[in-house]
Structures are given as C-alpha cells and as structure tokens.
Amino acid sequence: MKRYVFLLIAIVLAAIYLFPLYWMYVTALKSGSDIFRYPPAFWPAHPRLQLAQVFATYQVDRYVWNSFVVALGATFITVLLGTGAAYVLANVRHPIVTVALFAILMLQVLPPSLMVTPLFVAFNQLGLLEWPRFAVVLATAAKTLPFYIVLCRATFTQIPGELRDAALVDGNSRIGAFLHIVLPLARNGILVVSTLVFLQSFGEYVYSRSMIATKELQTATVGLSSFLGANSNDWVGLMTYASIYVTPILIVFVLLQRHIVSGLTAGALK
Amino acid sequence: MYQIEIDHLCKSYGAVKILKDISLNVEKGSFVTLIGPSGCGKSTLLRLVAGLEKITSGTVKIAGEVVNDRPPRERHVAMVFQSYALYPHMTVSKNLTYALRLRGRPKQEIDERAAATGQLLGLSDLLDRMPRDLSGGQRQRVAMGRAIVRDPQVFLFDEPLSNLDAALRVRMRSELRKLHQRLGATSLYVTHDQIEAMTMADTVVVLRDGVVEQVGAPLDLYHRPANRFVAGFIGSPAMNFVEGIVTEDGRGVVLSQARKQRLELPRPLQSGRKVWIGLRPEHMQLGGAGKKQKFDVQVDTVESTGSMTFIETKADPTSLIIAQSGTAQVAGGTTITVGINSEDIYLFDIKTELAV
C-alpha cells in the first residue's frame, strides 16, 4: 500500500516537472488562436506541425549547426585535456593532488555570467574574438573541464593499479599501459561523461551571447532568445524551434539514461 | 653466479622508511621466499626489483647489471600478482601472449608458445574465454602462464596463492614447486604464509619492519633461529617463551614460575644471566618418557583436532602451548609432567633477543 502511495507521489511530481516540456510540444502543434483560448486546451483541436515553415523562416539548421560545432569543439578539447589529467589525479599519491582537486572543484563554482566579462576582455586582447565560435569553444571547455576531470577520475580510480603494473612488467611503457590497458577499461565511463559534457555545451548560452556578434555564427540558444523581441510573438514558431532543438538531446538522454546514472555513481560507493 | 643482487637497498615514502638497508643475493635457479608480518616491506622489496617503485638508495642488479634506472620492461622479469591482474578485456590467449605481442614476435611463434603454455598449465580448452568466465584457480593459472610464456630471467610472485581457498592453495603450492623444478627459473616469492615459505623455498628470508632478520634454508630457520622474532615466527603453533635466570653453576636455568623449576642447559652459560627460554610446542612431550628433562605444569584448556592435541597451561606467569600428536587423555586443572630434550631448548638474550 505504502509503495503505491510513494509511486503516486513520484508520478505527480514527475508530471509537474515535465509539464513545461509537454506544453512546449503541444503549443508547437497548436494554431495561433488555439494558444490564447481560455480555458486552455490540453490537446489542440487540429494539430498541425509547421516544421518546414519554421526551418525556412528562422534558419534553424544554421543555428543548430553552430551549436553542434561549439559543443563538439568543447567536448573534443575537454576529453583531450581532461582524460590525461584525470588519470594522473587518480594515480599519483601526493598531498598536492588534494589541493589540485579542491582547486578544480572551485573552478566549477564560478558561474559563466561572472566569468564572461574578464574572459571577453582577455579574448579581445588576444584577438580571439576574430574567431568567435572558437572563443566560445575555449570558454565552454574551461567550464566543462573540471566537471569532466572529477567524474573521469572516479572512473580511473576504479581500475586496479595492478593491471597497469602488470602491463609495465609485461613490457609496456607508461603511456602504452595507459592506452592499451587502462583506457579500454575506462571507455564506458569516459563515453558517458563526454556525452554529458556535449549536452551541457550544446545548451550553452552566456558565452555565445556575449562573444558571438555575427548572427550567422550564433548558436541555437541565442537564436531562441531572439524570438522574444518587443514586437514579435510567434509562439508557435518559438515552440517548434525549441522542440527541434530539444528533441535530439532528449533522445540521447533516454538512450543513455541507464549508463549515465551508473556512470555518475561509479566510484561514489566503495 | 647470482641472478639478483640487492645491495644496501633503502626505500622511504617521505619520512616513512619502509626498507632499511637490505642486502640479499639470489642464486640463479633458486627459489627464495620473502616472509614477514604485514607491513614489513616484503611486497615493496618485490616491486623495487620489478621496477614498479623508485629506489631511494642502494642498488639492484639483475644478471650482473645495475637496473636501478631501468623501467620494468627492460628488466626481463615476469610478475604474478595477488589479484592476478588479468586484462579483463582480453581473452585468455591474448592475456598469455600480451608480452610477446608487445615485443613484436612473429605470429607463428606467439601461437606456438600460447598453445604450449596452455598445455603445460591445463588451459588448452580455455584459451578463447574471457577472464570473467574463469574460476579462481583457472585465473591463477592464467596469471602464472602469462609469466611463463615469456621465458623470463626472473619470476616475481606477490602472494599469488592467497586468494585461493585452502584446498586449492595446497594443490597449487605443489604444482608451483614442480613447475619451478621443471623450468629452473630464478624465483622471488612473497608470502605471509609460513607453510608456503617453508615448503616451497630453497632459501627463506624473514623480514620485519624493513630489516632482514635472518636468511637461511627452511629447516635452518626452524632449528637455528637467529633471534626471538624468527623463532616465534617460524613454526606453528608458535614457540613458547618463558623468562629464566642461569643458575650459579652455569649449567642450568631457573624458570620464572611460582615453582622455580630448573632445566639443564645444552651448554654452560654465565651464571645470573637473564634469558628467554624458547620451547617449541611439538618438542615437549606429555609424561616425559624418553626425554632428558622434566617439569610440571598445570593444564588449563585442551583442544583436540583428532590428529593433534593442543594443551594450554595455566598462566604462571606465561602460559605454554604443548602439541601432542594423536589424542591425549588430559583434563583441565590437573598437573602434568612434561619432558623435553636439552638440545631442544632455545635461549635468547633478554635484552637483544639474539640467540645465545
């Protein structure tokens, strides 16, 4: 009996939490007059999907492509730099490792809206704003790197040190043991964490908004906000755009859901 | 010729000294076990020989060459780990041949050696399995095979049998011993199990707190322990120690018991000297028939395993363990006479704890 009560509470809470998502999809299917009807309908009388029209009017493909480029770049840099760092932090026994981990966690605390001004000034001085998307990739990677290192380190600590030792004795070099033995075993954890990093970078807003001046290079999140102008109120277009942007992320999440949960708790319990 | 020469080797982590001035030579083809209580540095010593840890000071030579700064792969050593450390993402045959593949040997040679090693260890049917599908004993064999297949100059074993159940451990012990006789490779074997150390080795090295306490043949350590620690460590159940004072004529020793009983010494000592008297449980005999020395003790508890009976005496001030083969009809609380031969009495200085 108690179990069903909890299940009911869980369902109600999930429904409340997911309602905006539902409303987004439903609004995307509604017509202009349906949206402002009172009382509001939970399902439109004549559902109509305006994908092609929205794509053409708002150049969704260009925005999503920019987001994709930024996210891919940020993930690439994060994985490239973070994996080695995480491995070292998982293996070296030295007081400085504790300090380094603390510093890394502190970097996570700083919000992008705080960091964006100094970063903007620095990037401007360096001339990086000539390549605005690259600048955003760098700034985003700096934000995702600590997150990646901390989670990736947890994956590495789960791999017994004796496996690396065995590879060394068997005749491998340190880097060889890392690439041949440790990396294949950490593959799942690395994939999950890099997916999370990708999704996080895909939704990045503050840096893109501030550093990319050209409309052609702006990302989907910034494009989305441009709907909310003083004299534009195309709610259907907005919601359709949002659906196009959000659906791939949702699909990836659902597919990887089991791995993500186990990947996040890996190393936490031991 | 020595295969491994360890000279004044020290290892510390920060201010903590793990190994203090270890010198040890291992002859070619011999089987040497390192034994000691946990934390004595025996595994660290092995890892230093393998090259997995950095040497703080001193030298390690393998086959006459100083290898201090050589990485593990240039030392021609093979190591079997306690956890076996099989590569979980490789099949048994890939595990066995990993070292050969790294060295870029021709495929035909690799296949032949994998097959030969598989046959030697009874793994022929398992070559395509993954490590997770193997039992503990089979994993242990694969770990062994991975070391053998390379035909190394030196084998290093880090408590390889301690994760097996008792019956399997006994079997693997004799198999390992046979394997060594067949291959004749120099082996350095770390264990905390004295039965393993005693039964397998040509030479046993007893370590304590990073210091070599004694090096010798297994029975040497048993019959002629250099100090009280080795005497108490080798032998099961452990040797009994009673304090005593050498008598005025220098030919006997008085036990520090309530009854002040006297035992004759195997050789005369300076009178009045305080000593530890070591008595092995299995050297003492109930009733004392046929033994030269006799003394009385009061029985506290009796444990019988069928083949052996262990009698614990009342603390007076220290209690003794007496081991008898077979069953013995002894009741708690009674006083019994125990006999021992003078040559089976061990004496250690009370301060230095060295054998006298």
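Residues numbered from 1 in each chain as written. Chains lettered and ligands numbered in written order. Predicted model: local features only at pLDDT ≥ 70, side-chain atom pairs only at ≥ 80, totals over all residues.

*Asks:* Please clarify how the overall build of chain A should be interpreted in this entry.
*Replies:* Summing up its helical and strand segments, chain A has 12 helices and zero strands in all. N-terminal to C-terminal, the α/β element order of chain A is α-α-α-α-α-α-α-α-α-α-α-α. Expressed along its principal axes, the backbone C-alpha trace of chain A runs to roughly 75 × 65 × 30 Å. In chain A, which comprises 270 residues, the proportion classed as buried is 33%. Of the contacts formed within chain A by residues at least 6 apart in sequence, a portion of 77% connects residues at least 24 apart. (Helix = DSSP H or I, 4+ residues; strand = E, 2+ residues; numbered from the N terminus. Buried ≥ 20, exposed ≤ 12 C-beta atoms within 10 Å, placed from the backbone. Contact = placed C-beta atoms within 7 Å.)

*Asks:* Could you clarify how one ought to interpret the nonpolar core in this entry?
*Replies:* Buried together is how nonpolar side chains tend to be arranged in soluble globular proteins. With 130 residues, the main nonpolar core has Val49, Met79, Leu156 and Leu188 of chain B as its most contacted residues. With near-sequence residues (within four places) excluded, Leu156 of chain B lies in contact with Leu46, Val49, Ala50, Val77, Ala78, Met79 and Leu188 of chain B. Grouped together as the second largest cluster of nonpolar side chains are 11 residues, Val60, Ala220, Leu238 and Tyr241 of chain A included. (Core = buried A, V, L, I, M, F, W, Y, C linked by C-beta atoms within 7 Å.)

*Asks:* Looking at this structure, how should I read the packing of helix α2 (residues 92–102) of chain B against helix α4 (residues 136–148) of chain B?
*Replies:* Working note: a packed helix pair is described by the angle between its axes plus the distance between those axes. Residue and element names in this part refer to chain B. Running from N to C, α2 and α4 point in directions that differ by 30°, and their axes come no closer than 7 Å. What the angle tells us is that α2 and α4 run roughly parallel. As for how α2 packs across α4, the hand of that crossing is right-handed. Of the residues in α4, those in contact with Val92, Asn95 and Leu96 of α2 are Val142, Gly145 and Arg146. For the contact of α2 with α4, the per-class residue count stands at three nonpolar, two polar and one charged. (Axes fitted to C-alpha atoms, helices over the stretch in contact; angles between N-to-C directions. Parallel < 35°, antiparallel > 145°, perpendicular 65-115°, else oblique. Left-handed = near helix turned anticlockwise from the far one by under 90°. Nonpolar A, V, L, I, M, F, W, Y, C, P; charged D, E, K, R; others polar.)

*Asks:* How should the sheet that holds strand β19 (residues 335–340) of chain B be read in this particular structure?
*Replies:* Residue and element names in this part refer to chain B. Overall, antiparallel pairing links the five strands, which are arranged β15-β19-β16-β17-β18 in an open sheet. With one partner strand each, in any of the chains shown, β15 (285–286) and β18 (321–325) form the two edges of the open sheet. By the bridge criterion, five bridges tie strand β16 (residues 293–304) to strand β17 (residues 308–313) in an arrangement that is antiparallel. Paired with Val302 across the strands is Ile311, a residue of β17. (Pairing = 2+ DSSP bridges.)

*Asks:* Help me out: how do you make sense of the domain arrangement of chain A in this one?
*Replies:* Residue and element names in this part refer to chain A. We note that the domain assignment places domain 1 (1–48) and domain 2 (59–265) within chain A. Distance between the C-alpha centres of domain 1 and domain 2: 32 Å. Counting residues at the interface gives seven residues for domain 1, matched by six residues for domain 2. Taken together, the elements giving at least two residues each to the side of domain 1 that touches domain 2 come down to α1 (2–29) and α2 (32–35). Considering every element that reaches the side of domain 1 that touches domain 2, the biggest residue donor is α1, with four residues. Here the side of domain 1 that touches domain 2 is built from residues that sort into four nonpolar, two polar and one charged. (Domains from an automatic or database assignment.)

*Asks:* Looking at this model, I keep getting lost on the interface of chain A and chain B. Mind explaining?
*Replies:* Think of interface size as the accessible area that goes away when the parts come together; that is how it is often given. Facing the 14 residues of chain A at the interface are 17 residues of chain B. Only α8 (161–169) and α9 (174–202) of chain A provide two or more residues apiece to the side of chain A that touches chain B. If you tally residues by element for the side of chain A that touches chain B, the top one is α8 of chain A, at six residues. In terms of residue class, the side of chain A that touches chain B is made up of eight nonpolar, three polar and three charged.

*Asks:* I keep staring at the domain arrangement of chain B and nothing clicks. Help me out?
*Replies:* All names here are of chain B. We note that the domain assignment places domain 1 (2–233) and domain 2 (240–349) within chain B. For domain 1 and domain 2, the distance between their C-alpha centroids amounts to 39 Å. Residue-level contacts link four residues of domain 1 with five residues of domain 2. Looking at side-chain class alone, the side of domain 1 that touches domain 2 contains two nonpolar, one polar and one charged residues.

*Asks:* Would you mind showing me how to read the pairing of β19 of chain B here?
*Replies:* Two faces, one strand: in a regular strand the side chains alternate between the faces of the sheet. Residues and elements named next belong to chain B. Sheet analysis places β15 next to β19, joined by two bridges and oriented antiparallel. Bridging across to β19, Leu286 finds its partner in Val338. Here β16 runs beside β19; their pairing, made up of six bridges, is antiparallel. The partner of Phe295 across the bridge, within β19, is Val338.

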